[in-house]
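Spelled out from the first residue to the last, the chains are:
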Amino acid sequence: QVQLVESGGGLVQAGGSLRLSCAASGRTFSRYIMGWFRQAPGKEREFVAAISLSGGSTYYGDSVKGRFTISRDNAKNMVYLQMNSLKLEDTAVYYCAANRALSTEVAAYGYWGQGTQVTVSS
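Keep in mind that this is a model prediction, so the values were computed, not measured.

Student: Describe in detail the overall build of the chain, supporting the description with residues and values.
Tutor: Along the chain, the regular secondary structure elements total zero helices and eleven strands. For the chain, the N- to C-terminal ordering of α and β elements is β-β-β-β-β-β-β-β-β-β-β. Computed over its C-alpha atoms, the radius of gyration of the chain comes to 13 Å, within 12% of the 14 Å expected for a compact globule of 122 residues. For the chain, the C-alpha atoms occupy an extent of roughly 40 × 25 × 25 Å along the three principal directions. Relative to its full complement of 122 residues, the chain shows a buried share of 44%. For the chain, the share of sequence-separated contacts (at least 6 apart) that also reach a separation of at least 24 residues comes to 57%. In the structure as shown, the chain presents an accessible area of about 6,200 Å², 47% of it carried by carbon and sulfur atoms. Taking the average place of the 12 positive charges on the side chains of the chain and the average place of its 8 negative ones, the gap between the two points comes to 9 Å.

Here you go:
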């Protein structure tokens, strides 16, 4: 099992940057694919990014490609989401998630954090 705790959310102006962090408990962190998802009010939860076990491969949703970067530090049991050039439509609750296999589907991920709010203002 793995427990996840996100941090780093907040209020930022459009065009600005934020870095989200996700701390994972447990000794098996390096065995999990890690992902970030987000959910805006009235919308379904959507895939943002995922990273392979070693961190050598990354995957992004179309709406964040070129602006967001996912990374992980297996020694620290941490995964990060660097968000640049933020847009109003990036406003959402961002969730960290863990899974044994790579997927962009919400239903595939068995472990979730509580989420952190990101609000982008004009």
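Student: Would you mind going over the packing of aromatic side chains in detail, with residue names and values included?
Tutor: Inspection of every chain in the model, using the stated rule, returns six aromatic pairs. The interplanar angle of 90° and the centroid separation of 5.7 Å between the aromatic rings of Tyr 32 and Tyr 111 together place this pair among those described as edge-to-face. You can see Tyr 32 sitting in the loop between β3 (18-24) and β4 (33-39) and its partner Tyr 111 sitting in strand β10 (residues 111-112), a full 79 residues away along the chain. Ring plane angle 75° and centroid distance 5.7 Å describe the contact between Phe 37 and Phe 47, whose orientation is recorded as edge-to-face.

Student: Lay out the state of the cysteines with the relevant residues and their values.
Tutor: Under the criterion given, the structure shown has one disulfide. Two residues share a disulfide in this structure: Cys 22 and Cys 96, whose sulfurs sit 2.1 Å from each other. Here the S-S torsion is close to -80°, and the disulfide linking Cys 22 with Cys 96 is therefore left-handed. With Cys 22 in strand β3 and Cys 96 in strand β9 (residues 92-99), this pair connects stretches of sequence that are 74 residues apart.

Student: Account for the environment of Glu 105, naming residues and giving values.
Tutor: Mapped onto the secondary structure, Glu 105 falls in the loop between β9 and β10. What makes Glu 105 exposed here is its relative accessible area of 52%. The spatial distance from the C-alpha of Glu 105 to the C-alpha of Glu 46 is 8.0 Å, given a sequence separation of 59 residues.

Student: Can you explain the pairing of β3? Please cite residues and give values.
Tutor: Among the seven residues that make up β3, five are buried, leaving the element largely enclosed by the rest of the structure. The sheet contact formed by β3 and strand β8 (residues 78-83) spans six bridges and is antiparallel. Within β8, the position partnered with Ala 23 by the bridge is Met 78.

Student: Account for the sheet that holds β3, with residues named and values stated.
Tutor: Pairing in this open sheet of four strands is antiparallel, and the strands run β1-β3-β8-β7 from one edge to the other. Each edge of the open sheet is held by one strand with a lone partner, namely β1 (4-7) and β7 (68-73). Averaged over all pairs of adjacent strands, the angle between their axes in this sheet comes to 15°, without regard to strand direction.

Student: Mind laying out the pattern of salt bridges, listing which residues take part and the relevant values?
Tutor: In the structure shown here, the tally under the stated rule is four salt bridges. For Asp 62, the salt bridge identified is with Lys 65, shortest N-O distance 3.2 Å. Among the ionic pairs, Arg 67 bridges to Asp 90, the shortest N-O distance being 2.7 Å. Note that Arg 67 is positioned in the loop between β6 (58-60) and β7 and Asp 90 in the loop between β8 and β9, a separation of 23 residues in sequence. For Arg 67, a relative accessible area of 11% puts it in the buried group.

Rules behind the numbers
Residues numbered from 1 in each chain as written. Predicted model: local features only at pLDDT ≥ 70, side-chain atom pairs only at ≥ 80, totals over all residues. Heavy atoms only, no water. Helix = DSSP H or I, 4+ residues; strand = E, 2+ residues; numbered from the N terminus. Rg over C-alpha atoms; globule rule 2.2 N^0.38 Å. Buried < 20%, exposed > 50% of the residue type's maximum accessible area, 1.4 Å probe, protein only. Contact = heavy atoms within 4.5 Å. Areas by Shrake-Rupley, 256 points an atom, 1.4 Å probe, with all protein chains shown as cover. Lys, Arg positive; Asp, Glu negative; His and termini not counted. Charge placed at Lys NZ, Arg CZ, Asp CG, Glu CD. Phe/Tyr/Trp six-rings, centres within 6.5 Å; stacked < 30°, edge-to-face > 60°. Disulfide = S-S within 2.5 Å. Pairing = 2+ DSSP bridges. Axes fitted to C-alpha atoms, helices over the stretch in contact; angles between N-to-C directions. Salt bridge = Lys/Arg side-chain N within 4 Å of Asp/Glu carboxyl O.

Everything listed is a geometric property; what it means functionally is a separate question.
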